[in-house]
Amino acid sequence: AANMPLLGKRVVVTAGGTREPLDPVRYLGNRSSGKQGVALARAAAAAGAEVELVAAHMDVAPPEGVKTTRVETALQLRSAAIDAAERADVVIMAAAVADFRPAETAETKIKKRDDAADPVITLVRNPDILQELVRLRSDSGQGPALIVGFAAETGDSRGDVLEYARQKLRRKGCDLLVLNQVGRDLVFGQDSTTVSILRQAGGEPRTFSGTKDEAAGMIITAVADELA
Ligand code: C5P
């Protein structure tokens, strides 16, 4: 049906922000609210898809009736996403995955001590899950028909930001890239957003401003168009 363009498709959405533990009570996190990812999961379900949500920390509840796997860290999100991708037609990587994690996690709470130097946190790189999903697909010749990445970019102009997104699309090798222009009070936790959708296949990006629900609808339409 025209209004159920993803009927019979399996869609995995990752959402929210990972938290990388420093000790049992502290973590490195980010400002992702999970709103866009949850809106995407809901829009994909409304389009007829069977949806699986892999949710890191979110300020919002996962949608009713959507199979949800909760994760905390980038490494946990990686396992869950790779596992879910094996049975998916579409993977949408909307999660804000930490690029780095503390090299060590203290087993007990880090104390301040007058007789010791202030602690220094050493970070190590997390794997790039999106790139890994793309590589797994090309190495095995099987996997999701469509892999969608996100780019949250800051920049002085829309032109700069679009150029960063084009570079990211090339580097990551995903089929679609959704660009969000972000700032401290822009997008994160907000209900409205401006997104552009760039295709690996080329052409002019489609740009849209509206609520995150409306943006999700437009992204799901682009996904369905790309699958067709
Ligand atoms: O490189 P950057 O973090 O801007 O890329 C954003 C995109 O890559 C998002 O789709 C995000 O979910 C994904 N990502 C990832 N693994 C990382 C970092 C980002 O899959 N370690």
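Everything discussed here concerns the structure shown above.
Okay, so let's go over this structure. Starting afresh in each chain, residues are numbered from 1 along the sequence in its written order. The model is predicted, so local features are restricted to residues of pLDDT at least 70 and side-chain atom pairs to those at 80 or more, both for listing and for counting; the totals for chains, interfaces and linings are taken over all residues. Calculated side-chain values reflect all of the structure's heavy atoms, with hydrogen atoms and water omitted.

### Observations regarding the site of the ligand
Put simply, the rule reads: Whether a residue is near a molecule or strand depends on its heavy atoms: if one lies within 4 Å, it is near. Each polar contact in these results corresponds to two N or O atoms within 3.5 Å; when the atoms are within protein, one needs to be able to donate a hydrogen and the other to accept it, and residues that are neighboring in sequence are counted only if both atoms are side-chain atoms. Exposure was quantified through the Shrake-Rupley algorithm and a 1.4 Å probe, taking into account, for residues, occlusion by the shown protein chains and nothing else. Whether a set of points on the 1 Å grid over the protein atoms alone is a cavity depends on a 1.4 Å probe fitting there but being unable to get out, while an open set qualifies as a pocket with protein on both sides within 12 Å along at least five of seven lines; lining residues are those with an atom within 4 Å of a point. Molecule-in-pocket calls rest on the fraction of atoms, with more than half required to lie within 2 Å of the cavity or pocket grid points. Only DSSP runs of H or I reaching four residues or more are called helices, and only runs of E reaching two or more are called strands; each is numbered from the N terminus. Basically, the charged four are Asp, Glu, Lys and Arg, the nonpolar ten are Ala, Val, Leu, Ile, Met, Phe, Trp, Tyr, Cys and Pro, and anything else, Gly included, counts as polar.
Close contacts around the ligand come from 13 residues, with Met 93, Ala 95, Pro 127, Leu 130 and Lys 168 the closest. Within the backbone of Leu 130, a nitrogen or oxygen atom sits 2.7 Å from an oxygen atom of the ligand. Considering the ligand on its own, with 450 Å² of exposed area, one finds that the protein chains cover 88% of that surface. Using a 2 Å cut-off from the grid points, one finds that the ligand occupies the largest pocket. Every element with two or more residues in the shell around the ligand is listed here: helix 3 (129-140), strand 9 (146-153) and helix 4 (158-172). For the shell around the ligand, the per-class residue count stands at eight nonpolar, one polar and four charged.

### Looking at the layout of surface pockets
What counts is decided by this rule: Grid points are joined across faces, edges and corners, and a volume is the space filled by probe spheres set on the points.
Estimates place the volume of the largest pocket at around 960 Å³. What lines the largest pocket is a set of 37 residues, among which Ala 95, Ala 96, Val 97, Phe 150 and Ala 152 lie closest to the centre. Contributing elements (two or more residues each) for the lining of the largest pocket: helix 1 (35-46), helix 3, strand 9 and helix 4. Residues belonging to the lining of the largest pocket are distributed by class as follows: 16 nonpolar, twelve polar and nine charged. In this structure, the second largest pocket encloses a volume near 290 Å³. Lining the second largest pocket are Leu 22, Arg 26, Pro 102, Ala 103, Glu 104, Thr 105, Ala 106, Ile 110, Pro 119, Val 120, Ile 121 and Thr 122. Partitioning the lining of the second largest pocket into residue classes produces eight nonpolar, two polar and two charged.

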